[in-house]
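Analysis of the macromolecular model
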Amino acid sequence: MKDNTRVFEDYSVPKAVATMALPSMLGMLINVIYNLADTFFVGQTGDSNQVAAVSVSMPLFMIFIGLGNLFGVGGCAFVSRSLGEGRTDRVKKISSFCIYTSIIAGVIIGVIYFVFNSPLLYLVGASDNTIDFAKDYLKWVALGAPFSVLSITVCNLIRGEGAAKTSMFGMVFGQLINVVLDPIFILGSGDKLFGISLPFGFNLGVAGAAIATVIGNVCSVVFFLIYFLRGKSILSITPKRYTVKDGVAKGVISVGFPACINNILMSISNIIVNIVLVDYGDNAVAAMGVAMKANMLVVMLQIGLAQGVQPLIGYCYGAKNYTRMKKCMRFSIACNVVIGTVMMLFYLLFRKNVISMFINNDEVIDLGVQMLSALMSVGPVIGIMFVFNFAFQGMGKGWQTMILSIGRQGLVFVPLLFIMNALIGLNGIIWVQATADIVCVVMSIIMYLFINKDIKKKEKLLSQ
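My aim in this report is to walk through the structure given alongside it, one point at a time. (Residues numbered from 1 in each chain as written. Predicted model: local features only at pLDDT ≥ 70, side-chain atom pairs only at ≥ 80, totals over all residues. Heavy atoms only, no water.)

**Describing the overall build of the chain**
Broken down by element type, the chain carries 17 helices and 2 strands. Reported as C-alpha extents along the three principal axes, the dimensions of the chain are approximately 70 × 50 × 40 Å. Within the chain, the fraction of its 464 residues that count as buried is 62%. Residue pairs in contact within the chain that sit at least 24 positions apart in sequence constitute 82% of those at least 6 positions apart. Only carbon and sulfur atoms are counted for the fraction: they give 67% of the accessible area of the chain, which is about 18200 Å². In the chain, which carries 34 positive and 22 negative side-chain charges, the distance between the mean positions of the two groups comes to 17 Å. (Helix = DSSP H or I, 4+ residues; strand = E, 2+ residues; numbered from the N terminus. Buried < 20%, exposed > 50% of the residue type's maximum accessible area, 1.4 Å probe, protein only. Contact = heavy atoms within 4.5 Å. Areas by Shrake-Rupley, 256 points an atom, 1.4 Å probe, with all protein chains shown as cover. Lys, Arg positive; Asp, Glu negative; His and termini not counted. Charge placed at Lys NZ, Arg CZ, Asp CG, Glu CD.)

Structure below.
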């Protein structure tokens, strides 16, 4: 455990940021590949309805991510802050609460999805052409819901104690299993992949993508269980440690709820976008799904960096080492600006090639190119908001995180969606996310300026 916390206390700022952020970024990169794999391999069937079915189902899958973040992100921030304060016994209570509550939540949402799959899918924008494919996908995803939520929760908790590499390995292990299994379950014997005929395959289409996802999440959970059983973690998986008292539940949920709301609002906003896009045809829905999948690379890399340094910022805040905390934030922001700029230029140069990788449909490709260009236009600046948002989580600033979450995918995004659609039609839908992102970057900067005033007062008291 002492080896884990050295990164919080002893490493130089660039080394500490790199130690915490690089595993998280690599994990996010694999996560992008994992998320792209479903769309890519389903796209190899040549059926745009199956691609659209995956896009339609994705908002419902994001609810799992939201629940995982409720207990994972909230627990991670609370764990690192508690370690900075030297309260290791509370850390054990936090981890036990997060793990077992996430399992219960996964079971409940899985049952809901399994029982009410048809009405839920029509609600999120499925059409008569895509509903059967989407039901096949959601049925299997629902069965694996407890493992999906638990794997995200535990991955974040382990980051909170400074074991960034272990957190990454566990997540990557399950995702690689998923990517390897995707072509086996999705495609059939004789189907071509990269110009080569496959010797075998189950030919399950979108259902195969969901089965591979469930198996990957199960493998991640097994990896993390072995880590705990080896006794190298300060976290606890003992049910006897479970409690909602002593501020444990409140401390987790106050930070985790905004992170959860962010994912739920992302889900809801995607649902609304799909519903609005249905008026422009299933190809528009498929194109937006592909463009958003491709855009995940830059977003996930920047979120990975911000998420990686969150425990570092939380530990420094808990230990009242505000100078080191601010240096970590400045360095992280600079790195994210560089990443966003480089990735924006890459995508603008090769956007058609990127979209063409997923599906061979001229109309989908043309629409996807326009959508990807709009999404990537804010690449250089969106990373600033991600760093501030995760920093606020690390400091336990729940309401600031809540405002950013509600703003980016709710209060700012949704009104803009309807206004821009009414004014300029499809182009308005294409550019709405970029517009909302710019507004929220400005909001995050303003919030930090107010928080920094309070930090300066604390620094003055410490110096006295």
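So much for the structure itself; the text now carries on.
**Regarding the pattern of salt bridges**
Scanning the model with the defined rule gives 6 salt bridges in all. Linked through salt bridges whose partners overlap, the residues forming this network are Asp89, Lys93, Arg241 and Asp246. (Salt bridge = Lys/Arg side-chain N within 4 Å of Asp/Glu carboxyl O.)

**Observations concerning the nonpolar core**
Within the largest apolar cluster, 155 residues are counted, with the highest numbers of intra-cluster contacts made by Tyr113, Leu121, Leu277, Met325 and Met395. The greatest single-element share of this core, amounting to 23 residues, is contributed by helix H11 (residues 282–318). Residue contacts for Met395: discarding those within four places in its chain leaves Arg81, Ile313, Tyr317, Met325, Met329, Ile451 and Ile455. (Core = buried A, V, L, I, M, F, W, Y, C linked by side-chain atoms within 4.5 Å.)

**Examining the packing of aromatic side chains**
Applying the stated criterion across every chain, the model contains 13 aromatic pairs. Ring geometry for Phe97 and Tyr242: centres 5.8 Å apart, planes at 35°, overall tilted. Of this pair, Phe97 sits in helix H4 (residues 88–115) while Tyr242 sits in the loop between helix H9 (206–229) and helix H10 (248–278), placing them 145 residues apart in sequence. Both rings, one in Phe346 and one in Phe350, keep their centres 5.2 Å apart while their planes meet at 45°; by these two values the pair is tilted. Pair noted here: Phe346 and Phe350 are both in helix H12 (residues 322–356), with a separation of 4 residues, about one helical turn. Members of the aromatic cluster, joined through ring pairs, are Phe61, Phe64 and Tyr113. Here the basic side chain of Lys15 rests over the ring of Tyr11, its NZ or CZ set 4.4 Å away from the ring centre. (Phe/Tyr/Trp six-rings, centres within 6.5 Å; stacked < 30°, edge-to-face > 60°. Lys NZ or Arg CZ within 6 Å of the ring centre and 35° of its normal.)

**Some thoughts on helix H8 (residues 164–186)**
Look at H8: 32 Å from first C-alpha to last across 23 residues, which is about the 33 Å you get at 1.5 Å a residue. Residue Val180 marks the point of greatest curvature in H8, where the axis turns by about 30°; the proline Pro183 follows within four residues. (Expected span 1.5 Å × (residues − 1). Bend = angle between axes of the 7 residues up to and from the residue.)

The analysis is restricted to geometry; functional conclusions fall outside its scope.
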